[in-house]
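If you want the building blocks of each chain, they are given just below.
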Amino acid sequence: MLTLEKFEEASEVVKQVTQETKLVYSDFYSAQTGNKVYLKPENMQFTGAYKLRGAYYKLSTLTKEEQEKGLITASAGNHAQGVAYAAKCYGVKAVIVMPTTTPLIKVNRTKSYGAEVVLYGDVYDEACEHAYELAKEHGYTFIHPFDDPVVATGQGTIAMEIFKELPLVDYILVPIGGGGLATGVSTLAKLLNPKIQVIGVEPAGANCLQESLKAGKVVTLPKVSTIADGTAVKTPGSKIFPYLVKNLDNIITVEDEELVVAFLDMVENHKMVVENSGLLTVAALKHLDVKGRKIVSILSGGNMDVITMSSVVQQGLILRDRIFTVSVLLPDKPGELSRVADVIAKQNGNVIKLEHNQFISINRSAAVELRITLEAFGSEHKAQIIKALEDENYKPRLVRTNI
């Protein structure tokens, strides 16, 4: 079903609702990896993610009767917005079942397109099961977020655009939740150039496709745990699985901590907000053992609520040693706090929080604890500050940072 003719048809259809997301050459990631790295910024789409492509193309293939029944889907957020917006364009009803853990920004934006939102379950798989029940009860037409070759064809239009801009691309990195995007992109990429390498990237805590490929069949993970909520899927698509087996060259898994620092890097170096699932492909760049290749990382979405964003930035600064907390013991007498502050100031450390605990010891004149949260330029500067405190016999001890 995934033929070159269908991909060409889908490419023309999705142009009606998608924005042109030109490749962005990344000096930062290119310098880090020794490759020529390009970003495909699908986070800049109107709905904030690539999902509108598959949803809109799917609706274009439905009969009038299927449309009039009303649509239903399950989604962690981006497919929800894609279906809701596509349904609005076609003037049909849409019901979206979303996990209760879905970020508020995705829920509100889905509602803003006129869809009815039902919150159910902790993960996508539970929401999907409930959506099937509602579809059966009310006769809705179900639009699967990934396990549908037609939807996957719409998602694959991304590859068509990549090849038009960068015909000699060597590698395409694609995020994987259930596998719809990877199916479309890898299938079309191989049709256009069988020698291209298409690498799927999953969160380490939700690597359902990696485990399925190892088993040679679709398997269900007992649980998923990842901050990449858009790819927190227990079971990959069974209908699209044969395409993934045939066309994906490898799977890379990424830890949550890698996504945290990738968010910081993306904001600081490209001034772009990309959600954790969309950052999988840039976090995976350092896992590729290649040099001098043309690589495209697909940034699948940018729908992140500000609370999550704030938390990720803070954790990124901590992981990069740009914020840290040190504990020192000092006599409880006038001038000691000033002495410590002077040592830090001479090393250009910036104090952002102080905690003074007089009850660390029974003998207060012998020792009180001072916890200092500092801003530094990075690991080298952090080590420099700690050494300066050691040289003054403060015996600094690193402790957990709580901002």
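This text goes with the structure placed above it.
Structure report, in brief. The shown structure was predicted, so the numbers you read here are calculated from the model rather than taken from an experiment. (Residues numbered from 1 in each chain as written. Predicted model: local features only at pLDDT ≥ 70, side-chain atom pairs only at ≥ 80, totals over all residues. Heavy atoms only, no water.)

**Comments concerning the pattern of salt bridges**
Should the charged atoms of two oppositely charged side chains come close, the side chains can pair. One pass over the structure, following the stated rule, counts 20 salt bridges. Residue Lys22 is joined to Glu20 by a salt bridge in which the shortest nitrogen-to-oxygen separation is 3.5 Å. Classification of Lys22 as partly exposed rests on a relative accessible area of 47%. With a shortest N-O distance of 3.2 Å, Asp391 and Lys387 are connected by a salt bridge. You can see Asp391 and its partner Lys387 sitting in helix α17 (residues 379-391), 4 residues apart, about one turn around the helix. Classification of Asp391 as partly exposed rests on a relative accessible area of 49%. (Salt bridge = Lys/Arg side-chain N within 4 Å of Asp/Glu carboxyl O. Buried < 20%, exposed > 50% of the residue type's maximum accessible area, 1.4 Å probe, protein only. Helix = DSSP H or I, 4+ residues; strand = E, 2+ residues; numbered from the N terminus.)

**Some remarks on the sheet that holds strand β4 (residues 94-98)**
What the 4 strands build is an open sheet, ordered β5-β4-β3-β6; its pairing is parallel. Whereas interior strands pair on both sides, the edge strands pair on one side only; in this sheet they are β5 (116-119) and β6 (141-142). For strand β3 (residues 71-74) and β6, the ladder comprises 2 bridges, and the chain directions are parallel. Bridge pairing links Ile72 to Phe142 in β6. (Pairing = 2+ DSSP bridges.)

**Some thoughts on the packing of helix α9 (residues 157-165) against helix α10 (residues 180-192)**
Look at α9 against α10: their axes get within 7 Å of each other, and the N-to-C directions meet at 40°. One element, α9, and the other, α10, form an angle in the oblique class. Two packed elements cross with a definite hand, and for α9 against α10 that hand is right-handed. Here Ile158, Ala159, Met160 and Phe163 of α9 lie close against α10, whose contacting residues are Leu181, Val185, Leu188, Ala189 and Leu192. Looking at the contact of α9 with α10 residue by residue, the class counts come to 9 nonpolar, no polar and no charged. (Axes fitted to C-alpha atoms, helices over the stretch in contact; angles between N-to-C directions. Parallel < 35°, antiparallel > 145°, perpendicular 65-115°, else oblique. Left-handed = near helix turned anticlockwise from the far one by under 90°. Contact = heavy atoms within 4.5 Å. Nonpolar A, V, L, I, M, F, W, Y, C, P; charged D, E, K, R; others polar.)

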